[in-house]
Structure formats: structure tokens, C-alpha cells
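# Structural overview
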Amino acid sequence: MPAVDSAAQLSNLQQTYTVIPRVRPDTPLLDSIAAPADLNALTTAQLITLADELRLFLLYSAGQSGGHFGANLGVVELTIALHYLLDTPQDQIVWDVGHQAYAHKVLTGRRDQLATIRSKDGLTAFPERAESVYDTFGVGHSSTSISAGLGMSLALRYQGRAQTVACIIGDGAMTGGMAFEAMNDAVQQDADLLVILNDNDMSISCSIGGFSRHLAMLWESGYQVDISDAGEPVLCQRPDMQGFDRRKRHKEMRDVPQLEDNLFKAIGFTYFGPFDGHNIPELLRVLSLAKQIKGPVLVHIYTTKGKGFAPAELDPVGYHAISKLPVEVKNDTQAVATEKSLSNTKPALKYSQVFGQFLCDKATADDKLLAVTPAMEEGSGMIDFARQFPERFFDVAIAEQHAVTLAAGMATQGVKPIVAIYSTFLQRGYDQLIHDVALQNLDVMFAIDRAGLVGEDGATHAGVFDFAFLRCVPNMLIAAPKDENECYHLLNTCYEYQGCTAVRYPRGVGTGAVIASPAQTYNVGEAVIESVLGSEDAPKKLALLVFGTMVATAQQAAESLIDNDIESDCQVHVINMRWVKPLDTALLEKLLEQGITHIATLEEHMIMGGAGSAVNEYLLNESPAFKDNRPAVINIGIPDRFVAHGSQAEQMADCGLDVNGVVRQLEKLLL
């Protein structure tokens, strides 16, 4: 334990900031920390000063690079305490999700690189084993830390290695069923495992459900299960509640059960808490005792998301993540010109906004519509729907498997559920999609957001596998819109279809296409010829079969080819395929009969198993015309590797999916 200064006995010495600094702040104590071992020489008062400096540095860094914000500010003291008490990297710290690992990166030798986070060739947005020996497990998805930590603990025990494994999991992540599966097994295995529950009443959105209420009751009781010097649980009044009459609390809190009967103890964990997660002396005392206790132990701390930055404390949802600070405009004339140009420009809608608009419009017209999301109300564009139709909105917390089967159950009762889910998170509900929805051919629609490459969040969040894992499932329909207008109408088309459907659209804004009214119903499986460029007499005829939002890129690439003197002997048909399943095979046959000599498929998805593969399968196995006229075929998409973080434009160029990259691949095909 560090030397304790009398001033350090106070729990709220930390400073609160109101402005994100644009200039690198002076942080002399933080600058002296090159590795966690350097913390050992600090007193408690210095650790508290370090927390202030680290928080200020995180504010500055986030302003420079953007990124996850509130969760990182909330775990500054916890991160310092863990790295002070544990002998990392020998001891293992396992972060859940990784939104809160920036402070960990700073203290483990990556301080000067933090401004590169989420940028191409810079630090990753989440812990990554290849980046540092202190990153014990690669994360990005929720609720994995206890399972991973348990695996580490059991492997260490098998090898006779006495090392501490500490898993940090948020209250939002604890709603994921995988966390409870791991806790159940940890008790079964009697594993030495330290779980720290960071309770800030938030995931990305506000925490919801029975588990959240249970944590609230533990806190509202005014008591805590403390640790005696002998390592035994002791029930006592919490310091911040001394002299407080709990009977004055809300009537729902009057009959709170004794803390020793809480959920974690019922499972079989030794439970301590709740403790103030911003009180460094208290954290050091509690964690130093807890890590000595054998078997599975859970320490419950409560923190404030956005701690130390006043705007984030007031708006933790809005400050979950931020963009980098805009460049200051110092010239008054420039400022006026910028303001005028912005006022004359109507921004394009985000695809999540298109979905949100469709949801409200359709719900107004059809009272059978119900909407389900696994803790992505804001990200999926459902805020307005939730306010207008609260009785038809179901946020099930971070529980993707449950979300899918819940919708399946709803569909058996004559309503139409829409599951709004990110592509990368739908992977977690795949068995349920197959077994509970598609096998029974239930009337469930999936609105799949964040499909394709997602930029700075990197490989953990990329939605580049959904065509492959969806199209092999019987009864599924898969639509891929080219722009906002088509997205709106494909959502309507799939909603009106009786059966399992999915509309897949990307992160971010569209092309600026205006949504036509009223809602249309497209023919299922019918593609659209966007353009035919070049001479009818050209000896080379290329069919460019495009899926989703790559249509605009394909059009530019086709124009570039035709303008190129070398390829002036080529005619290009740009086809918006619109549907991945079913394919418009009638159009493919017509093109082949017209003498197409070359076929290229284009998609923002993995080449292996993607929409291009679906075209190949049809041509080779079913197409009558392909047997007589065998054009050269190429599939253009994401190569067989995980794509590192960077801007979306950088990622597209890296995969050869920008206009220049597509042109190069088409020119190679046409040689």
C-alpha cells in the first residue's frame, strides 16, 4: 500500500473540468509513468493527483482524435488502483467491451501514441493483444470478460502459476447472458477470479431491466458488504449514507433485502460492495484485500460515466463518444462565409435516421408493428419511435440472442416485429436466427445497421460477414439498398413481405437522395439497370453487378472506363442488383443472351461467401446461357483478411473499393 496522506483520506479531491483543452496540458506526474511499475513509488495523494492529470490528458486526447469518452473518464481511479496493486503483465487485467481502456493504454506505455487512436496505423479503439503485452484479450463486443478471464484462471491453475486475473465489466455488459454463463461456471470450477462490476447505470444507453433495478436496490439500501482485515464479509452502513434515514427513500426501497442475499451471492460468488469507484484510498484498501481471497469474488463499485467533465456528467449518453474538435476559425470573414455555406447546405440523412423515419411512419399506419433492439436505441435511430410508441418499443439490453428469439415469439401471435441490430452484433444471435426464426419461417424483419466497413471502430465492429451468413439460410430474403430513398422503400417492401427478411445498410450518411412519398413496395428479387455506357457495337460488354451502396462508386468507375481511350472498345452495364437473395436470375440470363463478355460483381462485403459468390453459384450450377457463353468473371469486395481501423475512405482504398481501386480491377479483367 502507498503511504497515506491525511488529505488523501477524502474521497472527492478530484477536479472537475468544463472545457476540453486544445493545447496539450501540463501533466508532470503522468509524464513520469512509463509503465505500471512506476506507480509503486507514488503516495496516495500523488495517485489522486495522477488521476486529475490522467483525466485532463484524456480530455485533451479525445479532442484531438475523437473516440469513446464517458466510460474512460469514469474508470480513471479504478485503472490506477488496478495497475498499482497488480503485477501486470504477469497478472491479467481483462476489460469488457474496451470502451473504457484508454486510461489503461496511457499507463501501459502508450501515452504519446494516444492521439493516434482510431486512426490508420495508430492505436486501436479497443484492447488488442498484438498491440501490447498489457492487453490480455482482444475485445470490442460486450459481456466477454468473465468467460475469457475464467479461461485464463483455469489455464493458470492447470500450469501451477499463481497469478491474479481481474475482469472489469460494466453493469450494461452484465446484462448479456454470456456473463451469467461464465459466473455460473466460475462457481462450478471454484476458480480464483476477481470480477469488478463497474456500476454507472449506463451501457451506451441507460441500463434497463430487472438486473439494473437489482443493482439500484443494492445501492439504495444505504449498506455495503465490506471486507474485514481477515477477508470476511461484514455488513455495514455505507460511508456516504451515514446519518441518512433510508425510510425516507422511495416506497419501492423500503423492503430491500439484506445485501448478503443478493444475486451474486446467490450464484456462489463472494460479494463485496457497493463501493465508491472514484475514492482511490477506498479502492486500494478493498481491492488489495479482495485479490487475496480464494475462489470467485465480485467487487461492486459505483462510478459516474464522464466523471470529472461536467458536460459529460450531465449528458452521459451524448458524451459516450465524441468527434475530434473542429478546427478553430479565427478570421471573422471566414467565419461568416463558413456559417453561410453551412446554412445553404442540407445535410444528407444518416441511414439510421432513414430507418427511424420509416419506423415512425409505418407504425402510424400499422398498429401491428413492434420494434426490438439490444441496447441500441440511439445508434439505430429509434429515439423518436420510442417516445411516440413506448408500448411498442422493446429494448432488451445487451442480449442479442434474446432479442431475436423474443421477436420470433412475438411473430407467432400475429404481430410484425422488427429487430433493429448492428451487423456485427447479429453474429451473436445467429443460432436463434436460424433455429427460432428462419426454420419456422416466422414473419420477422431485421433492420441491419452498420453493415460494411465502419472506419475507426475497426475490425471488431465491421459488418462484413452478413451476406454470407444470411444467404445460406433457407427462407431468408436479403435486400441491399443503394441510397436513402431505396433504403426507405426496401424497408417497406420487406415489412410487407410475409416471412423472414433483412435490409442491410451502412453506417453514416447517404448520398443525399430525397425520400419519395408514399412508401413503395418493390418487386422482390428484381434488379434495376442503372445505366448503359459505351457503344452498342463495342466488342467487350461488361455487366457490373453491384450490391448496396457501392452503386455510386460503380457508376463513377464505369464512366472512367468509358472515358479511358484504352477501354473505349467496351460497353458497361451498371446493374443495381438491389437483392442478394433472391437474385434477379432472369436479368442475368437476359444479359448473357445479349452477349455479355465480362461480368464483375461489386460489394462492400467479404469476397468469400458474399453476394458475388451467390452470382458464381448460379452461373456455374443453374444458368443455361452461361454454359453456351462463358464470360470472364471477377468478384470485387473485401479480401480474406480483417481490415484494420482507419477512416472509412482509407479502409475502402485499402481494399481496392474506392473508384480508382475498382477501375484498376476492371481494367485487369478487360485485358
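Identification of the protein as 1-deoxy-D-xylulose-5-phosphate synthase from Psychrobacter immobilis is taken from an unreviewed UniProt entry. Here is the UniProt Pathway (unreviewed entry) comment for the protein, exactly as written: "Metabolic intermediate biosynthesis; 1-deoxy-D-xylulose 5-phosphate biosynthesis; 1-deoxy-D-xylulose 5-phosphate from D-glyceraldehyde 3-phosphate and pyruvate: step 1/1." Turning to the protein, the UniProt annotation filed under Subunit (unreviewed entry) states: "Homodimer."

Cis peptide bonds are those with omega within 30 degrees of zero, and the linkage from T88 to P89 qualifies with 5°. Relative to the helices and strands, P89 resides in the loop between helix 4 (76-85) and strand 2 (92-95). A positive phi is found at S143, a non-glycine position, where the angle reads about 70°. Within the secondary structure layout, S143 lies in the loop between helix 5 (102-110) and helix 6 (145-158). Take S143: its relative accessible area is 2%, and that puts it in the buried class. Unlike most non-glycine residues, A397 shows phi in positive territory, near 70°. Of the residues examined, A397 reaches a relative accessible area of 9% and is grouped as buried.

Looking now at empty space enclosed by the protein. Summed over the entire model, instances satisfying the criterion amount to five cavities of 30 Å³ or more. Each pocket or cavity is described by its volume, and for the largest cavity that value is around 70 Å³. Looking at the largest cavity, the residues that line it are A451, F467, A480, P481, R504, Y505, P506, F547, G548, T549, M550 and E604. By residue class, the composition of the lining of the largest cavity is eight nonpolar, two polar and two charged. Shared between two domains, the lining of the largest cavity takes at least three residues from each, and those domains are domain 2 (351-504) and domain 3 (528-670).

Let us look at the sheet that holds strand 15 (residues 500-506). Pairing is mixed across the open sheet formed by seven strands, whose spatial order is 11-10-12-13-15-14-19. Either end of the sheet is taken by a strand with one partner, and the two such strands are strand 11 (393-395) and strand 19 (579-581). Here the strands of the sheet are splayed against their neighbours by 20° on average, with no regard to which way each runs. Bridge count between strand 13 (residues 445-451) and strand 15: five bridges; the pairing is parallel. Paired with I448 across the strands is R504, a residue of strand 15. On top of the sheet, helix 19 (residues 484-496) reaches strand 10 (369-373), strand 12 (416-422), strand 13, strand 14 (476-479), strand 15 and strand 19; it is set at about 165° to strand 15, its chief contact.

Parameters at a glance
Residues numbered from 1 in each chain as written. Predicted model: local features only at pLDDT ≥ 70, side-chain atom pairs only at ≥ 80, totals over all residues. Heavy atoms only, no water. UniProt positions renumbered as here; feature names shortened; annotations may be inferred. Helix = DSSP H or I, 4+ residues; strand = E, 2+ residues; numbered from the N terminus. Buried < 20%, exposed > 50% of the residue type's maximum accessible area, 1.4 Å probe, protein only. 1 Å grid on protein atoms, 1.4 Å probe; cavity = no way out; pocket = protein on both sides within 12 Å on 5 of 7 lines; lining within 4 Å. Points joined across faces, edges and corners; volume = space filled by probe spheres on them. Nonpolar A, V, L, I, M, F, W, Y, C, P; charged D, E, K, R; others polar. Domains from an automatic or database assignment. Pairing = 2+ DSSP bridges. Axes fitted to C-alpha atoms, helices over the stretch in contact; angles between N-to-C directions. Contact = heavy atoms within 4.5 Å.

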